[in-house]
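Structural description and commentary
So you can see what is in the structure, the chains are spelled out below.
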Amino acid sequence: AQTVTQSQPEMSVQEAETVTLSCTYDTSESDYYLFWYKQPPSRQMILVIRQEAYKQQNATENRFSVNFQKAAKSFSLKISDSQLGDAAMYFCASTGGGADGLTFGKGTHLIIQP
Amino acid sequence: NAGVMQNPRHLVRRRGQEARLRCSPMKGHSHVYWYRQLPEEGLKFMVYLQKENIIDESGMPKERFSAEFPKEGPSILRIQQVVRGDSAAYFCASSPRSALGYNEQFFGPGTRLTVL
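Criteria and thresholds
- Residues numbered from 1 in each chain as written.
- Chains lettered and ligands numbered in written order.
- Predicted model: local features only at pLDDT ≥ 70, side-chain atom pairs only at ≥ 80, totals over all residues.
- Heavy atoms only, no water.
- Disulfide = S-S within 2.5 Å.
- Helix = DSSP H or I, 4+ residues; strand = E, 2+ residues; numbered from the N terminus.
- Contact = heavy atoms within 4.5 Å.
- Buried area = accessible area lost by both parts, 1.4 Å probe.
- Salt bridge = Lys/Arg side-chain N within 4 Å of Asp/Glu carboxyl O.
- Core = buried A, V, L, I, M, F, W, Y, C linked by side-chain atoms within 4.5 Å.
- Buried < 20%, exposed > 50% of the residue type's maximum accessible area, 1.4 Å probe, protein only.
- Phe/Tyr/Trp six-rings, centres within 6.5 Å; stacked < 30°, edge-to-face > 60°.

1. Quick notes on the state of the cysteines
Considering all chains together, one arrives at two disulfides over all chains under this definition. Here Cys23(A) connects covalently by a disulfide to Cys92(A), the sulfurs 2.0 Å from one another. One quick way to see it: the torsion about the S-S bond of Cys23(A) and Cys92(A) is about -70 degrees, and its sign makes the bridge left-handed. Of this pair, Cys23(A) sits in the loop between strand S3 (19-21) and strand S4 (24-26) while Cys92(A) sits in strand S10 (residues 88-94); the two residues are 69 residues apart in sequence, bridging distant segments of the chain. Covalently, Cys23(B) is tied to Cys92(B) through a disulfide, its sulfur atoms 1.7 Å apart.

Written out as structure tokens, the structure reads:
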């Protein structure tokens, strides 16, 4: 079965600083996709960034970038120049595992200190 | 272009009643996914449907839960004889094609079900 593990229940960072959220996954699939979703207090799930496993280049979206280590099955999210609006729950997710839906980690609560 | 719509946003039921949650996918999307989020947890996949077909229900509880996506109208997640453990946020997502390959799932705002 597919598993996604986020080992940091909560992280705190000063505004304008950089923070890295960790995620590891376990899959037997050869082709899969990895995602980071943001869930603010409104509970709306917002896609932050995605990575295709067959691509070695790390995905980047403005202030958000990933460090994808396929052999280690690691997929961390780096947020640069943190802003107050970045405060939210962040979920790592993957495709594959035999089901058509996404498999999510338990989330990391990101706090931005002004 | 409206996003994925779910209603109601909040639903309160007493134990033993039925809960019906509705999801209207984005325009042009024919694939719908339902997820459940328990408190302090990530989302858990429940079921994947295309119009008039259940494709994958590997995450659905065996009893009391059912889902449909008719040719016309929204997708419905139905929970019969609700129990307190069903209290959760239920999210719907839609995509234009299968989840296989890169096809982003767009999420609705969720329905928060509270069972008294």
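2. A short note on the interface of chain A and chain B
The partner chain B presents 26 residues to the 18 residues of chain A that form the contact. Taking both partners together, chain A and chain B bury about 1,900 Å²; carbon and sulfur atoms supply 51% of that area. Of all residues in chain A, the largest losses of buried area upon contact with chain B belong to Arg43(A), Asp100(A) and Phe104(A), amounting jointly to 35% of the total for that side. Inspection of the region where chain A meets chain B yields one salt bridge. Notably, a salt bridge pairs Glu41(B) with Lys106(A), separated by 3.7 Å at the nearest N-O pair.

3. Quick word on the nonpolar core
Membership of the largest hydrophobic core comes to 24 residues, with the highest contact counts inside it found for Trp36(A), Phe75(A), Leu77(A), Tyr90(A) and Leu110(A). Of all the secondary structure elements, the ones that give two or more residues to this core are S3, strand S5 (33-39), strand S6 (46-52), strand S8 (64-69), strand S9 (74-79), S10 and strand S12 (108-113) of chain A. Membership of the second largest hydrophobic core comes to 23 residues, among which are Val4(B), Ala19(B), Phe65(B) and Tyr90(B).

4. Describing the packing of aromatic side chains
One pass over the full model with this rule turns up twelve aromatic pairs over all chains. Ring centres 5.5 Å apart and planes at 45 degrees place the aromatic pair Tyr35(B) and Phe107(B) in the tilted group. Here Phe107(B) lies in strand S10 (residues 106-107) and Tyr35(B) lies in strand S4 (residues 31-37), a separation of 72 residues in the sequence. Taking relative accessible area as the criterion, Phe107(B) reaches 7% and is therefore assigned buried. Counting every residue linked through ring pairs, the aromatic cluster contains Phe35(A), Tyr37(A), Phe91(A), Phe104(A), Tyr35(B), Phe45(B) and Phe107(B).

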